[in-house]
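# Working through the structure, step by step
Here is what each chain is made of, one letter per residue.
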Amino acid sequence: MKSGEEITTDQEAQKYLSLAEALREILNKYEESPSIGDLMEAVGDKGFGLLLIILSLPSALPVPALGYSTPFGICMVIIAVQIFIGRKQVQLPKRLKKIRIPLKMVQSITGFALHFLKRTEKLIKPRQRWIHSRLGHSILSVTIFAMALFMIFPIPGTNTLPAMVIFVIGISIAEEDGLIAVLAIILSTLAAAFSGWLAYWFITEGPEKATAVYEVIKETIKNWFWSIWGWFRSLF
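Residues numbered from 1 in each chain as written. Predicted model: local features only at pLDDT ≥ 70, side-chain atom pairs only at ≥ 80, totals over all residues. Heavy atoms only, no water.

Okay, the environment of R127 next. Mapped onto the secondary structure, R127 falls in the loop between α6 (103–119) and α7 (134–152). Between the C-alpha atom of R127 and that of E176, which follows or precedes it by 49 residues, the distance is 6.7 Å. For R127, the side chain forms a polar contact with the side chain of D177, separated by 2.8 Å. (Helix = DSSP H or I, 4+ residues; strand = E, 2+ residues; numbered from the N terminus. Polar contact = N/O pair within 3.5 Å; in protein donor to acceptor, adjacent residues only side chain to side chain.)

Glancing now at the packing of helix α3 (residues 48–60) against α6. Running from N to C, α3 and α6 point in directions that differ by 105°, and their axes come no closer than 10 Å. Judged by the angle between their axes, α3 and α6 are roughly perpendicular. Contacts between α3 and α6 involve I54, L57 and P58 from the former and M105, I109, F112 and A113 from the latter. (Axes fitted to C-alpha atoms, helices over the stretch in contact; angles between N-to-C directions. Parallel < 35°, antiparallel > 145°, perpendicular 65-115°, else oblique. Contact = heavy atoms within 4.5 Å.)

Within this structure, the stated rule accounts for 2 salt bridges. A salt bridge links R127 to D177; the shortest N-O distance between them is 2.8 Å. Residue R127 is located in the loop between α6 and α7, and its partner D177 is located in the loop between α8 (160–175) and α9 (178–205); the two are separated by 50 residues in the primary sequence. Residues R127 and D177 agree in their burial class; the two are buried. (Salt bridge = Lys/Arg side-chain N within 4 Å of Asp/Glu carboxyl O. Buried < 20%, exposed > 50% of the residue type's maximum accessible area, 1.4 Å probe, protein only.)

A few words on unusual backbone geometry. Here the phi dihedral of E176 falls at roughly 55°; this positive angle occurs in a residue that is not glycine. Relative to the helices and strands, E176 resides in the loop between α8 and α9. The partly exposed category is assigned to E176, whose relative accessible area is 23%.

This is the structure we're talking about:
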């Protein structure tokens, strides 16, 4: 017979699996490049979180996403405003809804998202549900708005960390995890500082030097990210 703690753990795991399965169901069903409108229809009433996860990943991952960070960033600026004003479902202009996402990119998104969620399943659970309060919506929407603005800039490297922050916020919204949201907000300050500095370097020193610096720092940040995440996992 299972203890109460074991039953609670099973229930939380089932909720986690519903998020992973929802992503798999949405992203694996396409045999050709889906549009943003197709994804919005597939997400339906599952909330803003899943759509933020899907739209942020192309810029957060090391996959070819040239030309997509700007329109996806614009989409997320609009989503942030709608979260702020309390909308329950996403509404986007028809022009943005018609943008299609290459099938190969969708497959890369699916693989990473499921792999990431599998590695972090024990950390993600409903807690600190302040994110559903009016203040919580305001804080998260402002953070998403700021990070999305960096994604819109056509400067190499200024979109990766902000997109990662939005990805984590998407998970926190989908899973009602206020602690993960706090982590994302802390990371957003680092992302804003780094992206702002890189944009300044790009403007003052030129694109070649800025790109070279970005490539070096990107690998460093990647290693730091998994080290910090490993430390965070060890706390639970």
